[in-house]
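Residue strings, one per chain:
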Amino acid sequence: MRALVARAVGEPPRVEPVELPAPAPGEVRVSVRAAGVCHSDLSMLNGTVAAPYPLALGHEAAGVVIETGADVTRVEPGEHVVLNWAPPCRRCWYCERHEPWLCERGGVPAVARGRTAAGEPLHVTLGLGALAEEVVVPETAVIPVPAELPFEAAALLGCAVLTGVGAVRRTAGVAPGESVVVIGLGGVGLSVVGAARAAGADPVLAVDVSPTKAKLALAAGATEFLLSDDSLSRAVRGRTDRRGADHAFECVGRGSTIRAAWRATRRGGTVTVVGMGAKDDVVPLSALEIFHSARTLRSSVYGSSDPDRDVPALARSVLDGSLDLAPLISDRTDLDGAAAAFDRMARGEGARTVVVP
Ligand SMILES: [Zn+2]
Ligand SMILES: [Zn+2]
């Protein structure tokens, strides 16, 4: 089967023939029907996050189970599933405390699985490698969803939407009437915008360096689009009775934008970091401002969500029309067009590209 494979930092990924093992006991093979191009894959491509190569990219996808190994009880061939890139063990200290997104065994950047055509060991992103025709994954990494759910919507539930909606509802707990700033308007940021509006936030100020994101932001539910520059905190204060926003969501993963989110927030407000940044990118905060501002700074890993509980709930919201994912999707392509989608993402263009292998 074919997969999108990265071979070195900074080199464009290429579609290659690869071979996956047959499903072992407890594993399933899934035919991928739609996969999103997510920023975390770009981070592994450009070296922001260290990863072993060759590396099959992709971790936001949906498809159909086509083969099950021995002892699989969760799904049967023919079932439609969303892939989960951080399947919790349900046994560790975090899982037992109902924080499965912090599972001691979850979210490993890359695991070895299968081989390239030349026989080299292949690694798969976040245990999935889903920008591919097929994946072989543990049954705990698939979540059954109704067959009526369109594959492209199902794919986005697995990363951008679970993360964005979870950050608003579960991590930050945005309440009706609160003011919200969202910095960085990719798939996750636009999902945060939509979820904040759905939670009754007002205003919802959507911020990006690219003015081309204005239309996408307003379609996703922003009350206003602001260009990201040095005047951002003043602009936010001007729209929040001079205080700053109750909540800021940083959806970029950069020290400078975390700092901007911090400055745009009111005293006692909350900054939720959703973007994944580099380990040497430092956020400067003075001891006095930490004390005086009384702000809360925290991150949202996988939307503080339990995918097994929350993905089916989000699927129901898509099917009953209360969650519209159309504003998140700006491009559609096949596997051969996926590398160009990473280029667009690196240039800050568009929202999600959905790949249909
Ligand atoms: Zn992702
Ligand atoms: Zn666990």
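Residue positions are given per chain, counting from 1 as you read along its sequence in written order. The order in which chains are written sets their letters, starting at A; the order in which ligands are written sets their numbers, starting at 1. This being a predicted model, a pLDDT of at least 70 is required before a residue's local features are given, and a value of 80 or more before pairs of side-chain atoms are given or counted; all residues contribute to the totals for chains, interfaces and linings. Hydrogens and water molecules were not included; the side-chain quantities draw on all heavy atoms of the structure.

1. Side note on the coordination of the zinc ion (ligand 2)
Note: metal donors comprise N, O and S atoms at 2.8 Å or less from the metal (3.2 Å for Na, K and Ca); water molecules are not included, so apparent gaps in a site are possible. Within the first shell, the zinc ion (ligand 2) binds the protein through C89 (SG), C92 (SG), C95 (SG) and C103 (SG), at distances of 2.3 to 2.4 Å. Bound by four donor atoms, the zinc ion (ligand 2) shows angles of 103 to 116 degrees at the metal and therefore tetrahedral coordination geometry. In primary-sequence terms, the residues that donate to the zinc ion (ligand 2) follow C-x2-C-x2-C-x7-C. Note that C89 is positioned in the loop between β6 (80–83) and α2 (93–96) and C103 in the loop between α2 and β7 (110–116), a separation of 14 residues in sequence. The rule is simple: take the accessible area with a 1.4 Å probe, protein chains only, and divide by the maximum for that residue type; under 20% is buried, over 50% is exposed, in between is partly exposed. Given the relative accessible area of 5%, C103 is considered buried. Square planar and octahedral sites, with four and six donors, are those where opposite donors lie more than 155 degrees apart and all other angles lie between 65 and 115, tetrahedral sites have four donors with every angle between 85 and 135 degrees, and the rest are irregular. The secondary structure listing takes helices from DSSP runs of H or I that are at least 4 residues long and strands from runs of E that are at least 2 residues long, numbered from the N terminus.

2. Details of the packing of aromatic side chains
Between 30 and 60 degrees the pair is tilted, below 30 it is stacked and above 60 it is edge-to-face, where a pair is any two Phe, Tyr or Trp rings, Trp via its six-membered ring, whose centres lie within 6.5 Å. Tallying each qualifying case throughout the model produces two aromatic pairs. Aromatic side chains W85 and Y302 sit 4.0 Å apart centroid to centroid with 15 degrees between the ring planes, which places their arrangement in the stacked category. Within this pair, whereas W85 is found in the loop between β6 and α2, its partner Y302 is found in the loop between β16 (296–299) and α9 (307–319), the two being separated by 217 residues in sequence. The buried category is assigned to Y302, whose relative accessible area is 4%. Seen in terms of ring centroids, W93 and Y94 are 5.1 Å apart; in terms of plane orientation they differ by 85 degrees. Their pairing is edge-to-face.

3. Comments concerning the coordination of the zinc ion (ligand 1)
Ideal geometry at a metal centre: 109.5 degrees between donors when four sit tetrahedrally, and 90 or 180 degrees when six sit octahedrally. Taken together, C38 (SG), H59 (NE2) and C159 (SG) make up the full set of protein donors to the zinc ion (ligand 1), lying 2.0 to 2.2 Å away. Donor residues binding the zinc ion (ligand 1) come from one chain and are separated in sequence as C-x20-H-x99-C. You can see H59 sitting in the loop between β4 (55–56) and β5 (61–68) and its partner C159 sitting in helix α3 (residues 151–172), a full 100 residues away along the chain. Considered together, H59 and C159 belong to a single accessibility category, that of buried residues.

4. Quick word on the side chain of D310
Structurally, the position occupied by D310 is in helix α9. Among the residues examined, D310 registers a relative accessible area of 6% and is labelled buried. Polar contacts involving the side chain of D310 include one to the side chain of R309, which spans 2.8 Å. In this description, contact between two residues means that some pair of their heavy atoms is separated by no more than 4.5 Å. In contact with D310, not counting residues within four places along its chain, are L162, R170 and S305. In the analysis that follows, any N or O atom pair within 3.5 Å is treated as a polar contact, provided that within protein one partner can donate a hydrogen and the other can accept it, and provided that, for residues neighboring in sequence, both atoms belong to side chains.

5. Section: the pairing of strand β18 (residues 352–355)
Walk down a regular strand and you will see the side chains alternate between the two sheet faces. Both faces of β18 are covered, namely the face carrying R352 and V354 and the face carrying T353 and V355. Across two bridges, the pairing between strand β3 (residues 27–36) and β18 is antiparallel. Looking at β18, one finds that G36 is bridged to V354. Of the strand pairs in this sheet, strand β17 (residues 329–333) and β18 are connected by four bridges, and their pairing is parallel. In the sheet register, D331 faces β18, and the bridge partner there is T353. Here a crossover is taken to be right-handed if, once the strands point away from the viewer, the path from the first strand over the helix to the second is traced clockwise. Where the polypeptide runs from β17 across helix α10 (residues 338–346) and back to β18, its parallel neighbour, the crossover connection is right-handed. Only when DSSP finds a minimum of two bridges between them are two strands counted as paired.

6. Remarks on the nonpolar core
One recurring pattern in soluble globular proteins: nonpolar side chains tend to sit buried together. Think of a nonpolar core as a cluster: buried Ala, Val, Leu, Ile, Met, Phe, Trp, Tyr and Cys residues, connected wherever their side-chain atoms sit within 4.5 Å. Residues L131, L157, V161, F249 and L325 are the most contacted members of the largest nonpolar core, which totals 90 residues. The greatest single-element share of this core, amounting to 13 residues, is contributed by α3. Sequence-distant contacts of F249, defined by excluding residues within four places in its chain, comprise A167, V168, A172, V174, V180, V181, V182, I183, V192, T272 and V274. If you look at the next biggest cluster of nonpolar residues, it comprises 16 residues, including L205, A235, A248 and A261.

7. Describing the sheet that holds strand β11 (residues 180–183)
Within the open sheet, the six strands sit side by side as β13-β12-β11-β14-β15-β16. Their pairing is parallel. Of all the strands in the sheet, just β13 (224–227) and β16 have a single pairing partner and so form its edges. Within the sheet, the average angular offset between the axes of one strand and its neighbour, ignoring direction, is 20 degrees. Alignment of strand β12 (residues 204–208) against β13, held across four bridges, turns out to be parallel. Within the sheet, the bridge partner assigned to V207 lies in β13 and is L226. Only the contacting stretch of a helix is used when fitting its axis, a line to C-alpha atoms as for every element, and angles between N-to-C directions run 0 to 180 degrees.

8. Re the sheet that holds β4
Around the barrel, which closes on itself, the five strands sit in the order β1-β2-β7-β8-β4 with mixed pairing between neighbours. Note: β4 against strand β8 (residues 121–125), two bridges, orientation parallel. By the bridge assignment, L55 is partnered in β8 with H123.

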